Structure formats: structure tokens, C-alpha cells
Amino acid sequence: DQHQWKKVRENCRKLLKNALQNINQMTGMQSIYGEQLDNFQQLGAAELPKGTQGKKLQKWLYQEHSIEIPVINWQDRWLIRLSVQGYNSKEDLDLLLDALEIYLKR
């Protein structure tokens with residue numbers, strides 16, 4: 001396998017897990033995955049604190065940081081949905097985490 005897809009998928013999953021844990025720590029919210037912290041592959045979500053204006057956050061991330069990411073309302077909760085692919089890097093996720101932290105402190 002010249003592209004080493006298994007290794008690429010494993011790295012994506014590790015990056016996603018780290019990002020979700022960081023978001024949960026930053027927001028003080030519990031993981032939506034409960035005890036099954038690894039119940040995702042390369043797509044996952046984290047709950048945002050009550051009072052978050054999800055659509056404003058989504059717009060701000062795009063306008064201020066050129067980060068295009070879904071922020072969705074599901075069952076009266078705001079979730080940020082991350083998809084990590086082979087072309088994403090730790091630096092990409094760090095930019096998201098830094099921007100999210102700035103927004104949440106406002």
C-alpha cells in the first residue's frame with residue numbers, strides 16, 4: 001500500500017481524539033461519547049456550552065480565521081463537528097482550538 005492509508009487513518013483519528021478532548025476541557029463539557037471515548041473514526045463532535053450562539057460562532061470562525069466548520073443545533077444543544085482527513089495537520093487543529101478559545105472567552 002504505497003499511500004499507507006491505514007497509518008493515515010490512524011493519525012487522523014488520533015488528531016481528532018486530541019482535538020475533541022481539548023475542546024471538552026476548554027468548554028468544561030462532557031464528551032458526547034460518554035464512556036466510549038473512541039466511538040468515532042475521522043468525524044466527531046463536541047458540545048458547546050449553553051448560551052453559545054452557534055451560527056455566530058460558525059460565521060466568526062470563517063470570517064476572522066478562514067476556518068470553515070459546521071456548528072449545528074441538535075436536540076437543543078450546539079455541537080461543533082470536526083472532520084479530520086489526511087490533508088489536515090496538527091497545526092490546522094491547533095488553529096481551530098486557538099480560535100475557539102478566543103471566541104469562548106468573549
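In this text, all values refer to a predicted model and were calculated from it rather than measured experimentally.

> Describe in detail the overall build of the protein chain, supporting the description with residues and values.
Counting its regular elements, the protein chain contains 3 helices and 3 strands. Reading the protein chain from its N end, one meets helices and strands in the order α-β-α-β-β-α. The globule rule puts the C-alpha radius of gyration for 106 residues at 13 Å, and the 14 Å found for the protein chain is close to it. For the C-alpha atoms alone, the extent of the protein chain along its principal axes is close to 45 × 35 × 20 Å. The buried share of the protein chain, reckoned over its 106 residues, is 33%. Intrachain contacts of the protein chain at a sequence separation of at least 6 include 62% that bridge at least 24 residues. Entry remark: accessible area of the protein chain is about 7300 Å², with carbon and sulfur atoms responsible for 47%. A distance of 3 Å separates the average location of the 15 positive side-chain charges in the protein chain from that of its 13 negative side-chain charges.

> How would you sum up the pairing of strand 1 (residues 43-47)? Please name residues and give values.
Burial of strand 1 is extensive: 4 of the 5 residues sit out of reach of the surface. Summarising the sheet, strand 1 and strand 3 (residues 77-83) pair through 5 bridges and their orientation is antiparallel. Each bridged residue has a counterpart across the sheet, and for Ala46 the counterpart in strand 3 is Ile80.

> Please give an account of helix 3 (residues 90-105) that cites residues and values.
Relative to the 22 Å expected for 16 residues at 1.5 Å per residue, helix 3 spans 22 Å between its end C-alpha atoms, a close match to the ideal helical length. Here helix 3 has its buried residues at Leu93, Leu96, Leu97, Ala99, Leu100 and Tyr103. Relative to the axis of helix 3, the buried residues are bounded by an arc of 170 degrees and lie together on one face. Facing away from the buried side of helix 3, by more than 90 degrees, are the exposed residues Glu91, Leu95 and Lys105.

> Before we move on, can you summarise empty space enclosed by the protein with the specific residues and values?
Here the structure, examined in full by the defined rule, presents 1 cavity of 30 Å³ or more. In this structure, the largest cavity occupies an estimated 50 Å³ of space. Taken together, Leu15, Asn18, Ala19, Asn22, Lys90, Leu93, Asp94 and Leu97 make up the full set of residues lining the largest cavity. At the level of secondary structure, the elements contributing two or more residues to the lining of the largest cavity comprise helix 1 (5-27) and helix 3. In the lining of the largest cavity, the residues fall into 4 nonpolar, 2 polar and 2 charged.

Rules used in this analysis
Residues numbered from 1 in each chain as written. Predicted model: local features only at pLDDT ≥ 70, side-chain atom pairs only at ≥ 80, totals over all residues. Heavy atoms only, no water. Helix = DSSP H or I, 4+ residues; strand = E, 2+ residues; numbered from the N terminus. Rg over C-alpha atoms; globule rule 2.2 N^0.38 Å. Buried < 20%, exposed > 50% of the residue type's maximum accessible area, 1.4 Å probe, protein only. Contact = heavy atoms within 4.5 Å. Areas by Shrake-Rupley, 256 points an atom, 1.4 Å probe, with all protein chains shown as cover. Lys, Arg positive; Asp, Glu negative; His and termini not counted. Charge placed at Lys NZ, Arg CZ, Asp CG, Glu CD. Pairing = 2+ DSSP bridges. Expected span 1.5 Å × (residues − 1). Arc of directions from axis to C-beta. 1 Å grid on protein atoms, 1.4 Å probe; cavity = no way out; pocket = protein on both sides within 12 Å on 5 of 7 lines; lining within 4 Å. Points joined across faces, edges and corners; volume = space filled by probe spheres on them. Nonpolar A, V, L, I, M, F, W, Y, C, P; charged D, E, K, R; others polar.

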